[in-house]
Amino acid sequence: MKSPSGLRGWLGPRASKALKGVLLLPVALWLGYVVIVNVMLSTKLMARLVSYNPIDVTLVYGSAWSLWPGVVHVKEIRLSGADSTLEWAVVLDEVHADIHLTDLLRKKFHAEDVRGEGFMFRMRLLVDPTSERDLEAPHIQALPPIPEFTNPPLKPELPPKRDLENSDEGYNLWTVHLEGVDTTLEEVWIQQVRYAGGGRVRGGFYYKPLRSVRVGPIALELRSGEVHLADRVIARLDADADVTMNTFDPRDIEGLDIFDTTWARVRLDAQLPGLDFIHFFTGEGAEPRIEDGSGGLRTNLVVNRGKVEPGSSLSYGTSHLVASASSHRATVAADVDLRVDERGEARLAVAVPRATLARPEKGLPPIVVERASAVFDAPELHLLRLPPGFSSKVDVVAAAIPDLRWLNADGAAPDAPRFTGGAAFVRSSLEVDRLGRGTGALSLLLKHGALTWKDTRVKGDVEARVALAAANVLGPTATLGKSRIEIKDLAIEHEGEAWPGWWARVDIDDAKVGRGLMEAAIRIECKDAMPAVRLLDAEDVIPRWAAGLLTMEGLKASATVRRKESGVDFRLLEAQGGDLAIRGRLTKSDGQEPLGAFLVKSGLLSVGINLERDGAGVHPLVGDDWVNEKMAALGR
């Protein structure tokens with residue numbers, strides 16, 4: 001055993017030769033592998049074997065060698081491929097991997113323990129030239145270039161010889177299966193969105209074109225990178241993400257359905273230079289136009305099959321966001337915060353410390369909103385469907401309309417009411433529960449409001465407090481609670497007549513508003529009735545001599561009003577002023593003359609006024625029975 005001659009003597013010559021053969025065979029096999037495989041790698045024969053059909057898959061590399069079966073070290077490698085819907089490419093500066101060489105014979109690129117540097121991934125969908133008329137359009141030019149394919153990536157005009165999407169007959173596309181990947185990251189470019197910067201990716205994926213896709217688990221780290229949309233930088237970010245996508249058939253996935261297969265955790269800390277990149281998708285001429293919107297975006301989201309899991313959060317804040325449409329220009333500072341609590345309930349809170357709305361070409365000072373907020377609560381948050389119900393609360397602490405000409409509608413008729421001056425200040429709140437039932441309040445202060453209507457000009461102050469007792473947002477219908485409108489120090493001019501210092505108080509005890517319907521029970525107290533009659537053009541309804549009966553000092557009245565699409569029903573329950581009292585009813589259908597009956601009392605005297613289609617009639621010394629009969633004849 002100590003010398004070859006001793007070994008031969010101990011084993012015998014034949015056994016000695018056999019032992020030597022056994023010992024030398026692995027070395028010979030290893031040497032044969034090293035020679036043959038490295039010749040194939042150095043001459044690029046391996047790449048040509050893989051790439052014999054470059055449309056399906058192409059392998060290109062700068063240099064490669066292997067000193068152990070299956071373990072290959074490659075520099076400047078690019079693997080690309082395509083199917084009937086997309087093209088893709090994987091690029092690495094350098095990679096060390098355990099490649100299952102025998103799988104190459106079955107058209108499968110299977111690699112394990114992949115250690116690399118400079119990972120880049122690109123993917124783009126094929127463009128249908130029959131629907132995309134402009135192949136020079138920005139969204140087409142922004143697709144990632146892949147050297148093995150033409151730009152832009154066009155679907156063939158003729159259908160493929162083999163319908164691989166719907167049939168397994170003749171299926172021969174390459175499968176890519178990577179496991180144990182750990183590589184530095186330089187670029188990920190999918191459609192028009194490109195990430196460039198430092199990072200790392202660990203994990204694996206499986207891709208069988210048109211049949212099966214499985215991703216992860218993948219751990220992704222992005223450090224000090226930039227996200228580009230075409231030629232725009234839309235974010236500078238640091239991020240971590242863990243993604244797992246269960247095996248799915250890409251033929252069954254459409255749009256956001258991809259989330260139904262996905263579990264993901266995303267932590268993101270990004271700075272957004274602005275939001276004007278939105279115009280890339282909507283078109284440069286689309287409205288509203290977005291400017292600026294720069295700010296910070298932070299997320300810590302866990303999404304499981306589309307559902308946002310407890311503990312997730314997202315926040316975004318900007319001090320200057322501008323949206324313009326037509327002749328309007330809105331400027332907003334806002335903070336958005338999304339939280340999902342431990343029970344899975346989601347809350348979205350939006351705070352607007354200040355916002356303005358301007359119409360530059362009108363020369364009007366902007367509307368200003370101070371300290372507005374909105375909160376939306378939902379039992380869950382899902383990316384694929386709306387929540388089963390959500391509640392909301394909206395508050396506006398202060399809003400100012402510095403010039404009431406803002407309220408004038410463009411293109412209104414010449415004789416329509418128009419504001420000529422004054423200012424308004426508003427405060428409001430609204431709460432809506434998960435069944436769509438709402439309550440709220442509105443406070444309005446109008447100072448020095450000036451309005452013209454036909455031959456009438458009014459100017460004064462108005463203070464209103466409106467309570468929303470119940471509303472059905474889905475209806476939509478609304479019921480007002482006890483509300484009050486106060487008109488103060490109103491100056492009225494009409495056809496050369498003037499009524500200075502006029503005032504009125506309107507109390508609304510109950511009111512209902514719906515589609516094509518308005519009902520209200522009101523109580524009115526005012527200085528006198530004549531300005532209201534003139535302002536409302538009541539002389540078109542009541543003869544001038546009868547309207548004179550309404551010039552009552554210290555008028556107090558209660559009435560109900562019902563407005564339908566077909567007309568108005570006004571019931572004057574009681575009106576008193578001075579020594580006069582009036583009660584009656586007036587109905588008016590669209591396109592027809594008004595009908596009605598009123599009873600006017602003064603002490604022991606009474607007069608009935610009957611409005612018929614052919615004119616008004618006066619009935620002296622009638623009483624309550626007469627007006628009740630006439631009112632009943634007008635219907636319910």
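Calculation criteria
Residues numbered from 1 in each chain as written. Predicted model: local features only at pLDDT ≥ 70, side-chain atom pairs only at ≥ 80, totals over all residues. Heavy atoms only, no water. Salt bridge = Lys/Arg side-chain N within 4 Å of Asp/Glu carboxyl O. Buried < 20%, exposed > 50% of the residue type's maximum accessible area, 1.4 Å probe, protein only. Helix = DSSP H or I, 4+ residues; strand = E, 2+ residues; numbered from the N terminus. Phe/Tyr/Trp six-rings, centres within 6.5 Å; stacked < 30°, edge-to-face > 60°. Lys NZ or Arg CZ within 6 Å of the ring centre and 35° of its normal. Core = buried A, V, L, I, M, F, W, Y, C linked by side-chain atoms within 4.5 Å. Contact = heavy atoms within 4.5 Å. Pairing = 2+ DSSP bridges. Patch = residues over 30% accessible without salt bridge, like charges linked within 9 Å, V, L, I, M, F, W, Y side chains within 5 Å. Areas by Shrake-Rupley, 256 points an atom, 1.4 Å probe, with all protein chains shown as cover. Lys, Arg positive; Asp, Glu negative; His and termini not counted. Charge placed at Lys NZ, Arg CZ, Asp CG, Glu CD. pLDDT = per-residue confidence, 0-100.

A. Expanded view of the pattern of salt bridges. Under the definition given, this model contains 41 salt bridges. Here Asp103 and Arg106 are joined by a salt bridge, their closest N and O atoms 2.1 Å apart. The buried category is assigned to Asp103, whose relative accessible area is 5%. With relative accessibility at 57%, the residue Arg106 sits in the exposed group. Between Arg298 and Asp269 there is a salt bridge, with its nearest N and O atoms 3.6 Å apart. With Arg298 in strand E12 (residues 295–304) and Asp269 in strand E10 (residues 262–272), the pair connects residues that are 29 residues apart, well separated along the chain. Here Arg298 falls in the partly exposed class, since its relative accessible area comes to 42%. By sharing partners, the salt bridges in this structure join Lys482, Arg484, Asp507, Asp509 and Arg523 into a single network.

B. The arrangement of the packing of aromatic side chains in detail. On inspection of all chains with the given rule, the structure shows two aromatic pairs. Positioned above the aromatic ring of Trp189 is the side chain of Arg194, whose terminal nitrogen or guanidinium carbon lies 5.4 Å from the ring centre.

C. Inspection of unusual backbone geometry at higher detail. Residue Asn151 is joined to Pro152 through a cis peptide bond whose omega torsion reads -5 degrees. When you line up the elements, Pro152 lands in the loop between helix H5 (138–141) and strand E6 (175–190). Backbone geometry at Ser326 places phi at a positive 55 degrees, although glycine is not the residue there. By the secondary structure assignment, Ser326 is in the loop between strand E14 (313–325) and strand E15 (328–340).

D. Region of the structure containing the nonpolar core. Among the nonpolar cores identified, the biggest contains 57 residues, and Tyr61, Trp88, Phe109 and Leu237 are the most heavily contacted of them. In terms of residue count, the dominant contributor to this core is strand E4 (residues 86–99) (seven residues). Filtering out sequence-adjacent residues up to four positions away, Leu237 remains in contact with Tyr195, Leu222, Arg223, Ser224, Gly225, Val227, Leu268, Asp269 and Ala270.

E. Broad picture of the pairing of strand E9 (residues 232–248). Direction of pairing for strand E8 (residues 212–229) relative to E9: antiparallel, over a ladder of 12 bridges. By the bridge assignment for E9, His228 is matched with Val233. The turn joining E8 and E9, which pair antiparallel and follow one another in sequence, is formed by two residues; a positive phi near 55 degrees is taken by Ala230. Pairing analysis gives 10 bridges linking E9 to E10, with the strands arranged antiparallel. The residue bridging Ala241 from the neighbouring strand is Val266, located in E10.

F. Spatial organisation of a nonpolar patch on the surface. Taken together, the side chains of Val35, Ile36 and Val39 make up a nonpolar region of the molecular surface, amounting to roughly 270 Å² of accessible area. Summarising the element assignment, Ile36 is placed in helix H2 (residues 13–42).

G. Structural view of a negative patch on the surface. A contiguous patch of negative charge on the surface is contributed by Glu76, Asp93, Glu117 and Glu186. Accessibility expressed as a relative area gives 39% for Asp93, which makes it partly exposed.

H. Region of the structure containing the confidence of the model for the protein chain. Residue-level pLDDT values for the protein chain average 85, and 91% of them are 70 or greater. Confidence drops under pLDDT 50 across residues 535–548; counting only partners more than four residues distant or on other chains, this segment forms 22 contacts.

I. Quick look at the side chain of Ser392. You can see Ser392 is positioned in strand E18 (residues 391–401). If we ignore the near neighbours within four places in the chain, the residues touching Ser392 are Val375, Phe376, Leu430, Glu431 and Val432.

J. Geometry of the pairing of strand E5 (residues 108–125). The sheet contact formed by E4 and E5 spans 11 bridges and is antiparallel. Its bridge partner lying in E5, Ala89 is registered against Arg122. Here E5 pairs with E6 via 11 bridges, running parallel. Looking at the pairing, Phe119 lines up with Leu185 of E6.

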